[in-house]
Each structure stands twice: as structure tokens, then as C-alpha cells.
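# Remarks on the overall topology
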Amino acid sequence: MFMDDDFTDDAMSGVASTIQKLEDLLLVTVPRDLMDDQVLSLRREVVKHIRLYNSLWVLLDFSQVDICDSYFGRFIQSMANMVRLTGARVIISGLQDAVIETMVELGMTLPDVRAVLDLDEALAMSRTNGKVDADTSETELAELSFLDSSTFDFFEV
Amino acid sequence: MADLEMSKQEILDELLAAQQEITDLKAVIAAHDDSRISMNQQKMLEVAGVGMVLYKFDGTVLSIDRGALKIFDLEDVYPDPRAVQGKKMGDLMVYTGRRGRLRSIIREQGKAQNVLYDFKTVKGDLRWCLHDSYVIQHPETGEDIIQAIIRDITEQKLAEAEQERLQQEIIEAQQRAIQELSTPIIPVMDGIIVMPLVGSIDSLRAKDLLRTLLEGITHYRARVVILDVTGVSIVDTGIVNHLDKTIQAARLKGARTIVTGISDAVAETIVDLGIDWGKIQTLSNLQAGLLAALRSLGIQLVSTASNTTHSD
Amino acid sequence: MVSPRLASRTWSIEGMVDVVTARRCGLKTALSLGFSTPEATKIAVVISELGRNILLYAERGLITVSPHSDTLPYIEIIAQDHGPGIEDVERVLAGGYTTSGGLGKGVSGSRRLMDEFEIETAVGEGTKIRAVKRLYRRR
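### A closer look at the overall build of chain A
On a plain count of helices and strands, chain A comes out with six helices and five strands. The contacts in chain A between residues at least 6 apart in sequence include a share of 74% that link residues at least 24 apart. Element-wise, carbon and sulfur atoms account for 52% of the exposed surface of chain A, whose accessible area totals about 6700 Å².

### Some thoughts on the packing of helix 2 (residues 37-58) of chain C against helix 4 (residues 106-113) of chain C
Residue and element names in this part refer to chain C. Closest axis-to-axis distance for the helix 2/helix 4 pair is 10 Å, and the angle between their directions is 155°. Taken together, the axes of helix 2 and helix 4 lie roughly antiparallel to each other. You can see that helix 2 and helix 4 cross each other, and the crossing is left-handed. Here K42, V45, V46, E49 and N53 of helix 2 lie close against helix 4, whose contacting residues are G106, V107, S110 and L113.

### Some points on the pattern of salt bridges
Between side chains of opposite charge, a pair can form when the charged atoms approach closely. Residues and elements named next belong to chain B. Taken as a whole and judged by the stated rule, the model has 32 salt bridges over all chains. Salt-bridge contacts for E143 lead to K56; the nearest nitrogen and oxygen are separated by 3.7 Å. Taken together, the residues span a long stretch of sequence, with E143 in the loop between strand 5 (126-137) and strand 6 (144-152) and K56 in strand 1 (residues 50-56) at a distance of 87 residues. Taking the relative accessible area as the measure of exposure, K56 reaches 25% and is therefore partly exposed.

### Here we look at the pairing of strand 1 of chain B
All names here are of chain B. In terms of residue burial, strand 1 counts as a mostly covered element, since five of its seven residues are buried. In this structure, strand 1 lies alongside strand 6, joined through seven bridges in antiparallel fashion. Bridge pairing in strand 6 links G51 to I150. Of the strand pairs in this sheet, strand 1 and strand 2 (residues 61-64) are connected by three bridges, and their pairing is antiparallel.

### Quick notes on a nonpolar patch on the surface
A surface patch of nonpolar side chains, about 220 Å² in accessible area, is lined by I186, V188 and M189 of chain B. Take M189 of chain B: it is sitting in strand 7 (residues 186-189).

### Quick look at the nonpolar core
Soluble, globular proteins show a tendency: their nonpolar side chains are buried together. Counting residues in each nonpolar core, the largest one holds 103 residues, and the members touching the most others are L60, F62, F75 and I92 of chain A together with I217 of chain B. In this structure, L60 of chain A is in contact with V28, V30, I76, M79, V90, I91, I92 and S93 of chain A, ignoring residues within four places of it in sequence.

### Section: the packing of aromatic side chains
If you walk through the whole model with that rule in mind, you get four aromatic pairs over all chains. Taking 5.8 Å as the distance between ring centres and 70° as the angle between the ring planes, the aromatic pair formed by F72 of chain A and F75 of chain A counts as edge-to-face. Placement of both F72 of chain A and F75 of chain A in helix 3 (residues 70-85) is noted, with a separation of three residues, approximately one turn of the helix. The class of F72 of chain A is buried, set by a relative accessible area of 3%. By relative accessible area, F75 of chain A is classed as buried at 1%. Taken together, a centroid distance of 6.4 Å and an interplanar angle of 40° make the contact between Y117 of chain B and F119 of chain B tilted. The pair Y117 of chain B / F119 of chain B is uniform in exposure class, with both members buried. By way of ring pairs, the aromatic residues F62, F72 and F75 of chain A are connected into one cluster. For the cation-ring pair, R107 of chain B lies above F57 of chain B, with the distance from its terminal atom to the ring centre recorded as 4.2 Å.

### Focus on the environment of L27 of chain C
The topology assignment puts L27 of chain C in helix 1 (residues 16-33). Through-space distance from the C-alpha of L27 of chain C to that of A44 of chain C is 5.1 Å; in sequence the pair is 17 residues apart. Apart from residues lying up to four places away in sequence, L27 of chain C is in contact with D66 and I67 of chain A together with A40, T41 and A44 of chain C.

### Digging into the packing of helix 4 (residues 97-106) of chain A against helix 2 of chain C
Running from N to C, helix 4 of chain A and helix 2 of chain C point in directions that differ by 55°, and their axes come no closer than 9 Å. By the angle between their axes, helix 4 of chain A is oblique relative to helix 2 of chain C. Crossing geometry of helix 4 of chain A relative to helix 2 of chain C is assigned as right-handed. In this structure, helix 4 of chain A contributes A98, E101, T102, E105 and L106 of chain A to the contact, and helix 2 of chain C contributes T37, P38, E39, T41, K42, V45 and E49 of chain C. When grouped by side-chain class, the residues that make up the contact of helix 4 of chain A with helix 2 of chain C number four nonpolar, three polar and five charged.

### Considerations on the environment of A293 of chain B
Residues and elements named next belong to chain B. Counting through the fold element by element, A293 comes out in helix 9 (residues 286-296). In sequence terms A293 and R256 are 37 residues apart; their C-alpha atoms lie 9.0 Å from each other. Those residues in contact with A293 that lie beyond four places of it in its chain are I192, V224, I226 and I258.

### Points about the interface of chain B and chain A
Taken residue by residue, the interface counts 18 residues in chain B and 21 residues in chain A. At the boundary of chain B with chain A, total buried surface from both sides reaches about 1900 Å², with 52% on carbon and sulfur atoms. Looking only at chain B, the three residues that lose the most surface to chain A are R221, R251 and L252 of chain B, adding up to 36% of its buried area. Joining chain B to chain A, the criterion identifies six salt bridges. With its nearest N and O atoms 2.7 Å apart, the salt bridge here joins K253 of chain B to D97 of chain A. Applying the counting rule to chain B against chain A returns eight residue pairs in polar contact (both at pLDDT 80 or more).

### Some points on unusual backbone geometry
At L110 of chain A, a position not held by glycine, the phi torsion is positive, near 45°. You can see L110 of chain A is positioned in the loop between helix 4 and strand 5 (114-116). With a relative accessible area of 0%, L110 of chain A lands in the buried category. Phi at E59 of chain C is positive, roughly 70°, even though this residue is not glycine. Within the fold, E59 of chain C resides in the loop between helix 2 and strand 2 (61-68). With relative accessibility at 57%, the residue E59 of chain C sits in the exposed group.

### What to know about the pairing of strand 9 (residues 224-231) of chain B
Side chains on a regular strand alternate between the two faces of the sheet. All names here are of chain B. Taking burial as the measure, the eight residues of strand 9 include six buried ones, the bulk of the element. When strand 9 meets strand 10 (residues 256-260), the two strands line up parallel, connected through five bridges. By the bridge assignment, D228 is partnered in strand 10 with T260.

Calculation criteria
- Residues numbered from 1 in each chain as written.
- Chains lettered and ligands numbered in written order.
- Predicted model: local features only at pLDDT ≥ 70, side-chain atom pairs only at ≥ 80, totals over all residues.
- Heavy atoms only, no water.
- Helix = DSSP H or I, 4+ residues; strand = E, 2+ residues; numbered from the N terminus.
- Contact = heavy atoms within 4.5 Å.
- Areas by Shrake-Rupley, 256 points an atom, 1.4 Å probe, with all protein chains shown as cover.
- Axes fitted to C-alpha atoms, helices over the stretch in contact; angles between N-to-C directions.
- Parallel < 35°, antiparallel > 145°, perpendicular 65-115°, else oblique.
- Left-handed = near helix turned anticlockwise from the far one by under 90°.
- Salt bridge = Lys/Arg side-chain N within 4 Å of Asp/Glu carboxyl O.
- Buried < 20%, exposed > 50% of the residue type's maximum accessible area, 1.4 Å probe, protein only.
- Pairing = 2+ DSSP bridges.
- Patch = residues over 30% accessible without salt bridge, like charges linked within 9 Å, V, L, I, M, F, W, Y side chains within 5 Å.
- Core = buried A, V, L, I, M, F, W, Y, C linked by side-chain atoms within 4.5 Å.
- Phe/Tyr/Trp six-rings, centres within 6.5 Å; stacked < 30°, edge-to-face > 60°.
- Lys NZ or Arg CZ within 6 Å of the ring centre and 35° of its normal.
- Nonpolar A, V, L, I, M, F, W, Y, C, P; charged D, E, K, R; others polar.
- Buried area = accessible area lost by both parts, 1.4 Å probe.
- Polar contact = N/O pair within 3.5 Å; in protein donor to acceptor, adjacent residues only side chain to side chain.

Everything listed here is a matter of coordinates, which is why it stays silent on function.
The following block contains the structure:
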């Protein structure tokens, strides 16, 4: 087995995720290499913070992530499903072009998760959609494509 | 008289002895010259990157010369070539291809001439060699063994590789330039970009199309992308799949796609493929697409002329 | 002659940290070999998928990443384990089939991301997957 300090450092860096409140948004910075045990704790933390701040939106920021395998796709999906159960909605942002290309090639298109370009867009969206969330019409919801998760099965990560 | 006869015999003997001595000396000198020549030859071959190995079909090395050790980059590991005897060829090098590929050729044809063979030295460097191998009989056991003369052509090969790489890079760069020109992004308003597709889309261009679009979305901060396929002439399942991937990618980047100008043929392919474009807005032409894009951003076109009525 | 980034490496895969280390190295190796970021990302994702499969089904195994800076450079990934093997290779390659509760996209998706993809497997003995991605597409 070959161990290169350089690479070991890489594997160990960027393990911390942060959760911050921003208006109606809960901003979650997803670490570059998400370990399996972190997935569970991160989900619990997010749900706890949604209750704490009454957040309407959870923004998962992926700008740190440069490798996204199918397990990662499952994480996003399960997070979206779990957040929906608390009455909030997940938005994703900051996916790198190379990551998107790979996800699309893998068929991981997350059909019922809303994506925005960056934090500005997320904030703009929460400001226009957030306040009317409770009585959002069916067509508007369909537009946001949050409904109908049947195309993507729920998997416990 | 007798003395004279004797002396004659003596002279003759001495002459013969002297002659013998000369022959012997000549032989010694010749032998000396030969060894010098062969030593020089050996040195020359070494410098020229030529080596010789005798080995069995199971890979066991019977003998190896310095030239071959140099090619294997093992001179410092085995200062005496005799120490290599009995080792396997696999101990001297790392196979990069299928093990025994060369031996199977030699076994089948009794020889292998001018065969290009690449391997890695045990230190990890890639080497290319030309092999001339023949099956000969072992002088003692009589079994078939392989005599291989190998010539190191790594430097030559690296130079060729470098040139080919450069050529490939130029070709790729040219293709990129052509593709960038053929898939323009047109920003029509704040948050709206149009990407007209023209001609045929192969998988190579499809990838660039996707990359160009993602870059365009970031650059123009687009929220709506109008993908105009009016100019797409040939349609097959591959193209529709690529279009679908492009639209999904744009969505993950945060932009909604409106597809305009779908011909009957394209529509049919989409339906036949079973691709669900239910959530993707498709409109007959670019104008309708533009109006829909504006509407979705909450922008309305209002005529400033008082006496003209705007018709939709 | 060969830079350290372009040397062949093998990782013993026994935990997620090993998978992460292997894919990070794969990403850098691919970039050093001249792959573009999206293509290098795909290589890293394939290493990740194969590594996760090893952990999931065989618990431990090996992943080797070999860059070949030949005339036409390519990168080769070999993942091998002595796990249960794959019973229905065709079905796994077709995608959407899983025995672990996953998406069943790992192997089939990986094949789509690479230029060559071969599975050698025997039930009860293990699995060896060889995947290759070429820097320049053949014309």
C-alpha cells in the first residue's frame, strides 16, 4: 500500500460542514468529502436547526464538492426528502460544471430538487416565494418541481 | 660428414621449432586481437543500446549481457551479469501488456523479428524495445530456448510520442475552436440566454455544447435558457439523449430551459424514446419562447405606441 | 523521466478514508496526465463507485490506478476483491439492479463514464473490474 502525505492530507481536509441562518434560509456548506457518519449527523443537525429558526428553505451549498458519486446523489435526495417532512424545502446551489456533467452522465439528475446558481439567487427566490409558501398554488409548486418524488425512490443513507 | 648430416637435421628441427613458435605466437596475438575486438564489440553494442538474453520458455534467464542489463536499468542492482542467471524475466522488468505475449509468438513461429515491445523497468520507467528472438537448442540439455537480441528505442519512441501528442493537442484545440464558434450563446436580456443549435450533433459536440451552456449560465447569470433546435437537421435517439442531458445539466446549474423549434421528427423521437419532457416547456418558435421566458421572469412587453394594439 | 504523480499506485480499500484517498489521487493523476477537469472528475467518480462497491460487498479489496503516458495516454483503474462475486453481470451492467438497496447506478454508470470496462467475476471467489479512459478519443 502506498500512502502519500499529500493525498492523505487531501482526504482529511474539508471535513467540517457549517450551518448558518440567513433570513428564511438555512445555509448548509457541504464538505468536500462527506464521510458516511457525517451524513447522518449532518441530516440531524439540519432538521434541528430548521426547528430552531423556523426556516422555510435549506440551501445546500456544494461549491466545495468536486467529486460526486451516486452515494452523494442519494445523500442529496434523502436530505431533500427529510427536509420536506419538516415542512421546509431544499434548494441546491454551487454545483461545479464538472460535477454536473458527471452527475448527468450517471443519470443522477435529482428531478425533484430545485437548483439555483448561487446564494444571491437562493436569497431572491426565498424572498419572493418564502412568504407565500403556506398557500402556494399547486401549479406554482409544480413549477418549483418539488412535488412528485415518485421518480426517485427514497433510500435511507 | 655425419656431423654435417646431424647439423642439417638439427637446423631443420630448429627451423620447425621456430616455425611452431611463430605460429603459436601468431595465435596468441590473434587471440589477443580477437578478445580486444570482441570486447570493443561488446562495448559498442552496450553504447548502442543493444543487449542479448538467453532464456527458457518458462521465463528463466540462462544468460544475459551487460547491454541487456543496461536496457533493463539493472546495472547497479546486478554488477555481475552472472548473478541474474536463474531469475525469471518477470523479476527483471514489469509487464505492461499481457504476460507471455512475445513468447507465444516465438513459440508459434519459431522466431519473432522486429517486434515492438514495451515494458516498465523495476524502477517504473517505461521502455520500448525492438526484439529479434529465435528458438535455439540448449547446448547441454537440448531443450528449446530463446535467444533474444533487444534494441532500446525508448528515446526515439518518446520523441515520436511527444510529436504525436503535440499534433493531437493541436487537433483538439482546433476542434474546440470550431465547436465554440458553432455553439454561440446569445444573451438577449438580463437572465435570459439563447443557444441556437445548428447542424448535426455528435457526442463530441454534445459534450462541448453542455460545457458551453454551463459556462454561459454562470457568465450571464441566466435563469432561463432558450434552446432553439430549429436548425437541427438530423435527429436520432443519441441527439435527443444529449439534449435531455444538457437540459438536466442546466437545471442543476439553476436555469430553466425552454426548447423551441422542435420539428415533427424530433417530437416523434422524443416520444418514441419515452423521455419525459413534461416539465420542460416546449414551444413552436423562438419568438414564443422569448415571450414565455420574459413572462417567467415577471417581465411583460408593453407597447408604447398609443394607437397600436399588441397581439399575442 | 516519470513524475511521481504519473506512477502506478495501489490502495488497500478497507474504509471510506481509503476510498476518498484513492479518488483524490486519481483526480490529480488524471489532471497530471492531461485530462480536462470534467473528464478527470469522471475518473475520480468511477474510482469512488468501485471503492464503495468493494466496501459494500466484499468489505476489503484493492484499487490500482495506473497512468500510461504512452503515445496515446490513458488511465487504467483496476478494482479487485475476494468478495461474493456478481451473479448476474449483464443485469448489473444494464443498470437499475441492486442487491444492496442502492440506486444500482454505480457499476452501469461507471461503465458509461469510461472508454473500456471489463468485469471478471466468479460467485464466491471475487470480482475484478478493469476500467480504462483514454485521453484522446479514437477516430
